[in-house]
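Chain residues, written in single-letter form:
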Amino acid sequence: MTETQIREAAINIRALPAQRNLIDLAAAALHKSRSDFMLEVACREAENILLNQRLFLVDDADFTAFETALQAPVSTNAKELLARQPPWK
């Protein structure tokens, strides 16, 4: 996000005084406002959560087992499942 963009979406949260004080101390240590600090940290954590759902780190043995499973013939049960009409249709 560039600095020239206007922030229009409001995000409001309630916190305990101790939580607010902790956030303020961390923000001050980075020379940031509370809002800038909270937005940066929340966005970074959101990205990490989403990336963790898409990126899986495995060792060579597990990756080989995964590739083998992908290349195995489709079972009869899987073919039946793919042939079924979804409940929403």
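What counts and what doesn't
- Residues numbered from 1 in each chain as written.
- Predicted model: local features only at pLDDT ≥ 70, side-chain atom pairs only at ≥ 80, totals over all residues.
- Heavy atoms only, no water.
- pLDDT = per-residue confidence, 0-100.
- Helix = DSSP H or I, 4+ residues; strand = E, 2+ residues; numbered from the N terminus.
- Patch = residues over 30% accessible without salt bridge, like charges linked within 9 Å, V, L, I, M, F, W, Y side chains within 5 Å.
- Areas by Shrake-Rupley, 256 points an atom, 1.4 Å probe, with all protein chains shown as cover.
- Salt bridge = Lys/Arg side-chain N within 4 Å of Asp/Glu carboxyl O.
- 1 Å grid on protein atoms, 1.4 Å probe; cavity = no way out; pocket = protein on both sides within 12 Å on 5 of 7 lines; lining within 4 Å.
- Points joined across faces, edges and corners; volume = space filled by probe spheres on them.

Our focus in this paragraph is the confidence of the model for the protein chain. The pLDDT averaged across the protein chain works out to 89; a share of 97% of its residues lies at or above 70. The least confident element of the protein chain is helix 4 (residues 76-83), whose mean pLDDT is 79; the most confident is helix 1 (residues 17-29), at 97.

A contiguous nonpolar patch, built from F56, V58, F63, F66 and L70 and spanning about 560 Å² of accessible area, is present on the exposed surface. Inspection of the secondary structure puts F63 in helix 3 (residues 60-71).

Before going further, it helps to spend a moment on the layout of surface pockets. Estimates place the volume of the largest pocket at around 500 Å³. Along its surface, the largest pocket is lined by 17 residues, and I11, N12, S35, M38 and L39 are the ones closest to its centre. Elements represented by at least two residues in the lining of the largest pocket include exactly helix 1 and helix 2 (34-52). Considering each element in turn, the lining of the largest pocket owes the most residues, six residues, to helix 2.

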